[in-house]
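Topology and contacts: notes
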Amino acid sequence: MVQKDELLQWSDGCDAFAAGDYQTAIAVFEPIADTSRIHFNMGMAFSNLSQREEAIQSFSLAVKCDSYLAIAYFQRGTLFYKQDLIAEAIADFNDALTYLRNNLLIDYTQLGLPHKLFSAEISYNRGLCFAAMNMEEAAVADFDDAMRTRPLEEALKPRYARIEEALDLGARAPSYCPPFEVPPTMMFKPPEAKLKNIKKKEYIGKSYVVASVDSSDDFAGFSGTLVKCHGEVIALGDQRAAEPVAAATKMTNETVTGLLGAMRAGPGPVQTRAVAGRGDQGTSRLGLTNRVMTAGTLDGTTDATTDVNGTTGAMIDGTTGAMIDEATVATMTRRVEPAKM
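If you're wondering where the values come from, they're calculated on a predicted model, not measured in any experiment.

Section: the packing of helix 5 (residues 70-82) against helix 6 (residues 86-99)
Relative orientation of the contacting elements helix 5 and helix 6 amounts to 160 degrees, with a least axis distance of 8 Å. Relative to helix 6, the element helix 5 lies roughly antiparallel. In this structure, helix 5 meets helix 6 at a crossing whose hand is left-handed. Packed against helix 5, whose contacting residues are Ala-70, Tyr-73, Phe-74, Arg-76, Gly-77, Thr-78, Phe-80 and Tyr-81, the element helix 6 presents Ile-86, Glu-88, Ala-89, Asp-92, Phe-93, Asp-95, Ala-96 and Tyr-99 at the interface. Considering only residue class, the contact of helix 5 with helix 6 consists of 10 nonpolar, two polar and four charged.

In structure tokens form, the structure reads like this:
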């Protein structure tokens, strides 16, 4: 699975987790569970479902992927403590303190987990383990260390009030003081910047067809319109096709006007070639040569050539030699009217 798909699936799993649908979150995370952060998320989901065995297994896979992930050791140690597996819990708390590297805390925010793990919490939990084993001296030493290294922010005082209470209780602390643990809503989320980059963006809008070829005809042009040689427009639903048809109509009318004007103007040979379209297929191809153009006959067979008499300005049929008057020229051309949409 490519990274893009993994990020999207990771995000979907986090959405389900945030909505409290932990079963769905686990099902979404499982196919991409090949990193310590995904295994940690699954461990948190199992913990919220009170499935401690499965949660411990997930945290074990997390530290297998990343042996320096102190928060996974810490959370697994807390679960061991709740399961009365004290020796295993102490071993995990020892590892968590080791990977803190003598720091007072580790901030996992940059990795996608908005949580800080304090050494005071680890020392306190280990002290509870020693107290549960009736090792009061070791327990008090850990409680004292937790008191010295606890956060001093005013807002956090209620959370860490239990440390002082445990110090006063000594070996009786496990009966009255709960352990610290990662809040149940915490999970590793994918980087926001990467998620934004993989989302689809449309800079120029959606594309649409403006020209096409009809497989049932040999006409290619604007979608939805076929022009017959009779001058009729068959509209197939595209209103945009009316504009080029109107332009063709204007050009044809101007050409006829130019032809009649040339006949009246007198000398100057002007040759015009009339090409009629294949009316049986409902198409019209109007050929423009030099200055003038006529539409020819409508049966799709005529290919006539006419000349303008340089003296009289009359039209002479190139085949029969007969004179063609202005009225005949006008009837040779059919006005192409736009279709009514």
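Comments concerning the side chain of Ser-58
Along the chain, the position of Ser-58 falls in helix 4 (residues 52-65). You can call Ser-58 buried: its relative accessible area is 5%. Look past the residues within four positions of Ser-58 in its chain and what remains in contact with it is His-39, Met-42, Gly-43 and Phe-46.

Topic: the packing of aromatic side chains
Throughout the structure, instances matching the rule amount to 11 aromatic pairs. Each ring, one from Phe-17 and one from Tyr-22, has its centre 5.2 Å from the other, and the planes form 75 degrees; the classification is edge-to-face. Summarising the aromatic geometry, the rings of Phe-74 and Phe-93 are spaced 6.1 Å apart at their centres and angled 55 degrees between planes, so their arrangement reads as tilted. Residue Phe-74 is found in helix 5, and its partner Phe-93 is found in helix 6; the two are separated by 19 residues along the sequence. Each residue in the set Phe-118, Tyr-124, Phe-143, Tyr-160 and Phe-180 is aromatic and connected to the rest through ring pairs, giving one cluster. Above the face of the Phe-180 ring, Arg-162 is positioned so that its terminal group lies 4.2 Å from the ring centre.

Conventions used here
Residues numbered from 1 in each chain as written. Predicted model: local features only at pLDDT ≥ 70, side-chain atom pairs only at ≥ 80, totals over all residues. Heavy atoms only, no water. Axes fitted to C-alpha atoms, helices over the stretch in contact; angles between N-to-C directions. Helix = DSSP H or I, 4+ residues; strand = E, 2+ residues; numbered from the N terminus. Parallel < 35°, antiparallel > 145°, perpendicular 65-115°, else oblique. Left-handed = near helix turned anticlockwise from the far one by under 90°. Contact = heavy atoms within 4.5 Å. Nonpolar A, V, L, I, M, F, W, Y, C, P; charged D, E, K, R; others polar. Buried < 20%, exposed > 50% of the residue type's maximum accessible area, 1.4 Å probe, protein only. Phe/Tyr/Trp six-rings, centres within 6.5 Å; stacked < 30°, edge-to-face > 60°. Lys NZ or Arg CZ within 6 Å of the ring centre and 35° of its normal.

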